[in-house]
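A structural walkthrough
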Amino acid sequence: MAADAQFPPPKVLTYPASAPPSLITQGAEGRVYKTTHLLPDRPSALKYRPPKPYRHPILDARLTKARISSEAKVLERCWREGVPVPPVYAMDPAAGWMMMEWIEGIPVRVGINEWLGERPEDGEEPAEAAEEAPLIDLMKRIGTAVGALHRTGVVHGDLTTSNMMLRQRKEDQVNGGTGAESKAKAVAGDVVIIDFGLATQSMADEDRAVDLYVLERAFASTHPRAERLFATVLESYKHTFKKAPSVLIKLEDVRLRGRKRSMLG
Amino acid sequence: MGRAITGADHPVVLYVLGGNTQVIAYAEQRYRIFGETLDIAVGNCLDRFARALQISNDPAPGYNIEQLAKQGGRVLLDLPYAVKGMDCSFSGILTRAEELAAQMKAGNGKGPDGEPFTGADLCFSLQETVFAMLVEITERAMAHVGSSQVLIVGGVGCNERLQEMMGLMAADRGGSVYATDERFCIDNGIMIAHAGLLAYETGFRTPLEESTCTQRFRTDEVLVKWRK
């Protein structure tokens, strides 16, 4: 509630709905709410870009409108081409918001960490291949999702395991089961890519390679123990996306120089 | 040195001057670059624009743009806005601003309201646009590292409008902005001496005969032993 008082919600959320909106995240760019504004029995995610007080009002309006429109356009394009993304339900670019499917599930980051957390500390001896199968399968699903994304000519711009959700499947929702089964549930579900706030339409190997590099770095910093599995992600990326080989060659270059240029020259 | 003067504890640093534009935060013995310009520096953009408008270099082109901009504000001219993640680019904006300056001189420059615009309007629009970009990438870096303090350093950091916009952003995030004045923002010997003293205290020694100058140190190349 304190958060609601500090950040007034957009006007669209002040109308009656079957459940009050709740603030989910607050980033530098905008805020995400969960709301039943559209249908009482179907929650949706509302992304709202509030006005920035430091910006000239004309510039602010121009940017907010352009950003909501372009994000919605990218999502629509991905959705149409079968990339796993939340579909856009409604939007008002001038007011700075759009509504999308509410993904029931947890971020991939949380799933991987839950999986790793349940393993014995300092599990130096590599686990049995069969034992790791659910985690390896998740890596494959991540690679497939990113491959599908790049195939449509979209680069995400901020690929991390926090920007991927695991959408719960019906059969996984039952509780209980043996230890191994409940552990496997942490990494079960369909991978859905979210937050296209920095996405652009690009077919350039360079941009795609940077996308992969950012994801690789995110793996290294958030899940050091799962870093060795990143090769599996790239492997299934290659299977999904025909132009992957030239992107992976470019990735070598990007790794060598880092994302940044040198200051020389 | 910025920290020593302003008392900021763990700020995100916006480093803006003629030769460079970077957003920096300290982590694990290095100043890490979170975002930077992909082409020319913001100071370079302002200086070259000043030349297009034949604005005086005395005392500094940036200062004169700032004073002129205070007379503008009637209209906001449409300039490109180029932020990519935490990076930004200024060359397209400069090109467009120079085109508008040429149109104005030729007497056929019209603002969005159909009225001719002035040099002051151009200065105002340029400042509003490039500073909004700088504040935006700084805000992203602050959200990323979870800091609510921001420190502005470098020549462009003297600009009071930039400081004001940064203050509005920081207040929105429940934080504060630290800035120094022109005595410390512009090139000075104290900052070199201060960095040298800090390094000396950690046991770093270079004999005088072996001392040389390198202007090309990249910010994140330097090992910072003196911070925790």
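Let us look at the structure shown here. Along each chain, numbering runs from 1 in the same order as the chain's sequence is written. All chains are assigned letters beginning with A, and all ligands numbers beginning with 1, in the order in which they are written. Owing to the predicted nature of the model, reporting of local features is limited to residues with pLDDT of at least 70; listing and counting of side-chain atom pairs is limited to 80 or more, with chain, interface and lining totals taken over all residues. Side-chain figures throughout are based on the complete set of non-hydrogen atoms in the structure, without hydrogens or water.

1. So, the environment of A:Asp211
All names here are of chain A.
- Elements are defined by DSSP. Helices are runs of H or I of four residues or more, strands are runs of E of two residues or more, and each kind is numbered from the N terminus. Relative to the assigned elements, Asp 211 resides in helix H6 (residues 205-222).
- Judged by relative accessible area, which is 3%, Asp 211 ranks as buried.
- C-alpha of Asp 211 to C-alpha of His 156: the two residues are 55 residues apart in sequence and 6.7 Å apart in space.
- Once you skip the residues sitting within four places of it in the chain, Asp 211 turns out to touch Leu 149, His 150, Val 155, His 156, Gly 157, Asp 158 and Leu 159. Three exposure classes are used, based on accessible area relative to the maximum for each residue type with a 1.4 Å probe and protein chains only: buried under 20%, partly exposed in between, and exposed over 50%. By the convention used here, residues are in contact when the closest approach between their heavy atoms is within 4.5 Å.

2. Comments concerning the interface of chain B and chain A
- On the side of chain A, 20 residues touch chain B, which itself brings 35 residues to the contact.
- When chain B packs against chain A, close to 2,300 Å² is buried across both sides, 54% of that on carbon and sulfur atoms.
- Think of a salt bridge as a Lys or Arg side-chain nitrogen and an Asp or Glu carboxyl oxygen that are within 4 Å of each other. Here B:Asp78 makes a salt bridge to A:Arg62, at a shortest N to O gap of 2.4 Å.
- For this analysis, a polar contact is any N or O atom pair within 3.5 Å, provided that within protein one partner can donate a hydrogen and the other can accept it, and provided that sequence-adjacent residues contribute only side-chain to side-chain pairs. Applying the counting rule to chain B against chain A returns five residue pairs in polar contact (both at pLDDT 80 or more).
- Breaking the side of chain B that touches chain A down by element, the ones donating at least two residues are strand E3 (30-36), helix H5 (119-145) and helix H6 (160-172) of chain B.
- Note on residue classes: Ala, Val, Leu, Ile, Met, Phe, Trp, Tyr, Cys and Pro are nonpolar, Asp, Glu, Lys and Arg are charged, and everything else, Gly too, is polar. Residue composition of the side of chain B that touches chain A, by class: 16 nonpolar, seven polar and 12 charged. Each of two parts loses accessible area, computed with a 1.4 Å probe, when they are put together; buried area is these two losses added.

3. Digging into empty space enclosed by the protein
Residues and elements named next belong to chain A.
- A pocket, in this scheme, is an open set of points on a 1 Å grid over the protein atoms alone with protein on both sides within 12 Å along at least 5 of 7 lines, while a cavity is a set where a 1.4 Å probe fits but cannot get out; residues line either one if an atom lies within 4 Å of a point. Grid points are joined across faces, edges and corners, and a volume is the space filled by probe spheres set on the points. For the structure on display, the rule yields one cavity of 30 Å³ or more.
- Put simply, the largest cavity is a space of about 70 Å³.
- A total of three residues in the lining of the largest cavity trace back to one element, the largest contributor, which is helix H2 (residues 57-80).
- Classifying every residue of the lining of the largest cavity gives two nonpolar, one polar and six charged.

4. As for the packing of H5(B) against H6(B)
All names here are of chain B.
- Working convention: axes come from line fits to C-alpha atoms, limited for helices to the stretch in contact. Angles between N-to-C directions cover 0 to 180 degrees. One can describe the packing of H5 onto H6 by two numbers: an axis separation of 10 Å at closest approach and a directional angle of 40°. With respect to H6, the axis of H5 lies oblique. Viewed along their axes, H5 and H6 form a crossing whose handedness is right-handed. Each of Gln 127, Glu 128, Phe 131, Ala 132, Leu 134, Val 135, Thr 138, Glu 139 and Met 142 in H5 lies in contact with H6, whose residues at this interface are Arg 161, Leu 162, Met 165, Met 166 and Met 169.
- In terms of residue class, the contact of H5 with H6 is built from nine nonpolar, two polar and three charged. Under this scheme an angle from 65 to 115 degrees is roughly perpendicular, one under 35 degrees roughly parallel, and one over 145 degrees roughly antiparallel; angles in between are oblique. In this scheme the handedness of a crossing depends on how the near helix is turned from the far one: anticlockwise by less than a right angle means left-handed, clockwise means right-handed.

5. Quick notes on the pattern of salt bridges
- Enumeration over the complete set of coordinates arrives at 22 salt bridges over all chains.
- A salt bridge links B:Arg74 to B:Asp121, with the shortest nitrogen-to-oxygen separation between them at 3.4 Å. With a gap of 47 residues between them, B:Arg74 in the loop between helix H3 (61-69) and strand E4 (83-84) and B:Asp121 in helix H5 connect regions that are remote in the sequence.
- Members of the salt-bridge network, linked through shared partners, are A:Arg55, A:Asp60, A:Arg67, B:Glu136 and B:Arg140.

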